[in-house]
Amino acid sequence: MGKGFAVVDLETTGLFPTKHDRIVEIGIVLVSPDGEIEARHETLVNPNRDMGPQHIHGITAAAAARAPLFEQIAANVAHLLDDRVPVAHNASFDSRFLGFQMAQVGKRVAEPERWLCTMRMSEGVSGYRRLAECCSAVGVELANAHSAAGDALATAQLLSLYMRTVSDRPYWDSWLASAGRFGPFTVDPSVRWTARTDVFEQEHSFVKRLVGSLTVTRLGAQLNVDYLALLDRVLLDRVVSVSEASALEALARGIGLTPDDVRLAHRAYFDGLVATAWEDHILTQAESAEIRSIGEILSINEDVVATSLAAAPATPAPLMTSGFRLQPGDIVVLTGEMAKPREAWAEVLTRLGLIVKSNVVKKTKLLVAADPDSLSGKAKTAREYGVTIVNEAGLEKLLDA
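Analysis parameters
- Residues numbered from 1 in each chain as written.
- Predicted model: local features only at pLDDT ≥ 70, side-chain atom pairs only at ≥ 80, totals over all residues.
- Heavy atoms only, no water.
- Helix = DSSP H or I, 4+ residues; strand = E, 2+ residues; numbered from the N terminus.
- Buried < 20%, exposed > 50% of the residue type's maximum accessible area, 1.4 Å probe, protein only.
- Contact = heavy atoms within 4.5 Å.
- Areas by Shrake-Rupley, 256 points an atom, 1.4 Å probe, with all protein chains shown as cover.
- Lys, Arg positive; Asp, Glu negative; His and termini not counted.
- Charge placed at Lys NZ, Arg CZ, Asp CG, Glu CD.
- Arc of directions from axis to C-beta.
- Salt bridge = Lys/Arg side-chain N within 4 Å of Asp/Glu carboxyl O.
- Pairing = 2+ DSSP bridges.
- Axes fitted to C-alpha atoms, helices over the stretch in contact; angles between N-to-C directions.
- Core = buried A, V, L, I, M, F, W, Y, C linked by side-chain atoms within 4.5 Å.
- Phe/Tyr/Trp six-rings, centres within 6.5 Å; stacked < 30°, edge-to-face > 60°.
- Lys NZ or Arg CZ within 6 Å of the ring centre and 35° of its normal.

As named in an unreviewed UniProt entry, the chain is Exonuclease domain-containing protein, taken from Leifsonia virtsii.

J.: Any chance you could break down the overall build of the chain for me, citing the residues and the numbers?
T.: Secondary structure summary: the chain contains 18 helices and 9 strands in total. Dimensions of the chain, computed from C-alpha atoms along their principal axes, come out at roughly 85 × 45 × 40 Å. Counting the 401 residues in the chain, one finds 49% classified as buried. Sequence-distant contacts in the chain: of pairs separated by 6 or more residues, those separated by 24 or more amount to 72%. Of the roughly 19,500 Å² of accessible surface on the chain, a fraction of 51% belongs to carbon and sulfur atoms. Side chains of the chain give 40 positive and 50 negative charges; the mean places of these two sets differ by 5 Å.

J.: Got a sec to walk through helix 10 (residues 206-213)? Specific residues and values, please.
T.: Along helix 10, the positions that sit buried rather than exposed are F206, V207, L210, V211 and S213. Angularly, the buried residues of helix 10 cover 160 degrees about the axis, an arc narrow enough to put them on a single face. When the buried face of helix 10 is taken as reference, the exposed residues oriented beyond 90 degrees from it are K208 and G212.

J.: So what's going on with helix 11 (residues 225-234)? Residues and values would help.
T.: Regarding helix 11, the residues found buried are Y227, L228, L230, L231, D232 and V234. Next to the buried residues of helix 11 lie helix 10, helix 12 (242-254) and helix 13 (259-277).

J.: Got a sec to walk through unusual backbone geometry? Specific residues and values, please.
T.: Here the phi dihedral of R238 falls at roughly 60 degrees; this positive angle occurs in a residue that is not glycine. Phi at S299 takes a positive value of approximately 55 degrees, unusual for a residue other than glycine. With respect to the secondary-structure elements, S299 resides in the loop between helix 14 (285-297) and helix 15 (302-310). Looking at S299, the relative accessible area reads 40%, which means it is partly exposed.

J.: Mind laying out the pattern of salt bridges, listing which residues take part and the relevant values?
T.: Scanning all chains against the criterion turns up 15 salt bridges. R49 serves as the salt-bridge partner of D21, at 3.2 Å between the closest nitrogen and oxygen. Here D21 is found in the loop between strand 1 (4-12) and strand 2 (23-31), whereas its partner R49 is found in the loop between strand 3 (37-44) and helix 1 (54-57), with 28 residues between them in sequence. For the pair D21 and R49, a shared accessibility class is recorded, and that class is buried. Through salt bridges that share partners, D21, R49 and D50 make up one connected network.

J.: Lay out the sheet that holds strand 1 in plain terms, naming residues and giving numbers.
T.: The strands that make up a sheet are held in pairs by hydrogen bonds between backbone atoms, and each pair lies either parallel or antiparallel. Here 5 strands make up an open sheet; going across it, the order is 3-2-1-4-5 and the pairing mixed. Only two strands of the sheet have a single neighbouring strand rather than two, namely strand 3 and strand 5 (116-117). Taken strand by strand, helix 3 (residues 70-81) contacts strand 1, strand 2, strand 3 and strand 4 (84-88), and its axis lies near 20 degrees from that of strand 2.

J.: Can you break down the pairing of strand 3 residue by residue, with the values?
T.: Here 7 bridges tie strand 2 to strand 3, and the two strands are oriented antiparallel to one another. Along strand 3, the bridge assignment pairs V31 with I37. The antiparallel pairing of strand 2 with strand 3 creates a hairpin that spans 5 residues between the two strands, and G35 there sits at a positive phi of about 95 degrees.

J.: Before we move on, can you summarise the sheet that holds strand 6 (residues 331-335) with the specific residues and values?
T.: Across the sheet, 4 strands lie side by side as 7-6-8-9; this open sheet has parallel pairing. Of all the strands in the sheet, the pair left with one neighbour each is strand 7 (355-357) and strand 9 (388-390). If you compare each strand with its neighbour and ignore which way they point, the axes differ by 30 degrees on average. Here strand 6 pairs with strand 7 via 3 bridges, running parallel. Across the sheet, the residue bridging to V332 is V356, located in strand 7.

J.: How would you sum up the nonpolar core? Please name residues and give values.
T.: F206, Y227, V262, F270, I294 and L298 are the most contacted members of the largest nonpolar core, which totals 31 residues. Put simply, the parts of the chain that give this core at least two residues each are helix 10, helix 11, helix 12, helix 13, helix 14 and helix 15. Once you skip the residues sitting within four places of it in the chain, F206 turns out to touch V240, A245, L248, H266, I297 and L298. With 30 residues, the next largest nonpolar core counts I23, L30, L80 and W193 among its residues.

J.: Describe the packing of aromatic side chains, with residues and values.
T.: Under the counting rule described, the total for this entry stands at 3 aromatic pairs. Taking 6.3 Å as the distance between ring centres and 85 degrees as the angle between the ring planes, the aromatic pair formed by F5 and W172 counts as edge-to-face. Note that F5 is positioned in strand 1 and W172 in helix 8 (residues 169-177), a separation of 167 residues in sequence. Grouping residues by exposure puts F5 and W172 together as buried. Ring geometry for Y171 and W172: centres 5.0 Å apart, planes at 80 degrees, overall edge-to-face. Take Y171: its relative accessible area is 31%, and that puts it in the partly exposed class. Taken together, the ring pairs in this structure connect F5, Y171 and W172 into an aromatic cluster. The ring of W345 has K340 sitting right over it, with the charged end atom 4.1 Å from the ring centre. It is K365 that lies over the ring of F324; its NZ or CZ is 5.0 Å from the centre.

In structure tokens form, the structure reads like this:
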């Protein structure tokens, strides 16, 4: 007789593990033979590729980059499922996906036919199939839908309710008797499971982290054009990704900038942006929003931002930009699942005389990523070659320039 049930939910980059889709989050809830919830386990997983439909699972590449690889947690997953009946809502999907990735690292889980499926059970209870509808029909709360932990907990609660509803004890005992053993396995205690709540907590601004990392001191701040040029490239899409913040920090440390040098560069960039916005003596709603956004990103004093929005500067500052532009013949590469399909973007770019390629080469001018911190091979190569990376908003801004 098995130890109980192990309810599993996966968030993935797509539907087909054989076509390189991968798990990005796993939630496992352990349930006793009598239907009592015993323990909850969850972790993000670094898929070592782009994140797929982020609008569904809501996991950023920066968060996944701080999580363990699947091969690092596979033994722990096997341990949690050992001698338990695996359960999932739409078990056909979760069993096959998890089974594929476990096999890739030399581990096993129960075959799909030995998984208990709450979706199938729900069809007989409520007539519904979707997890949200099944939960609503029987009064189970589904908190944090499309997170592996939230969906696994709701599925476990459905299982507990169905165990009370279907009071045929021999039925449940027959399932428990089918629980498989998949050891031996060695769990590495040094591998830390990383819940999405651990990495999604609010962090200090990148400026605070950057300034805090600089140890050089000298009297008087100096404006550095190399730092300004990189800052301008980073802010093309008005987002500072984790990898871009790291690049700015590495440059600042490498060329010996002081905290005051960095603050001066940020203020110079901000003042130039403000002067450009006021050139026609009218500040549009979009320009005001951009000034506020850049002021927040660069940790510009709130009073300075307010003054910049109230009136044009008496002495306009020069625009501190690197002059990054796309020209006909430039090579552009796309990666990740974007709001506008990549095929549609490719058509737009081709009509403008740009060359769209499927892989990053040293002559690539721009990589457009669904997530600027993308873990895809294209993004990794682009960072290695120093290729500028922007999101879709950044591409639109470049095309409008």
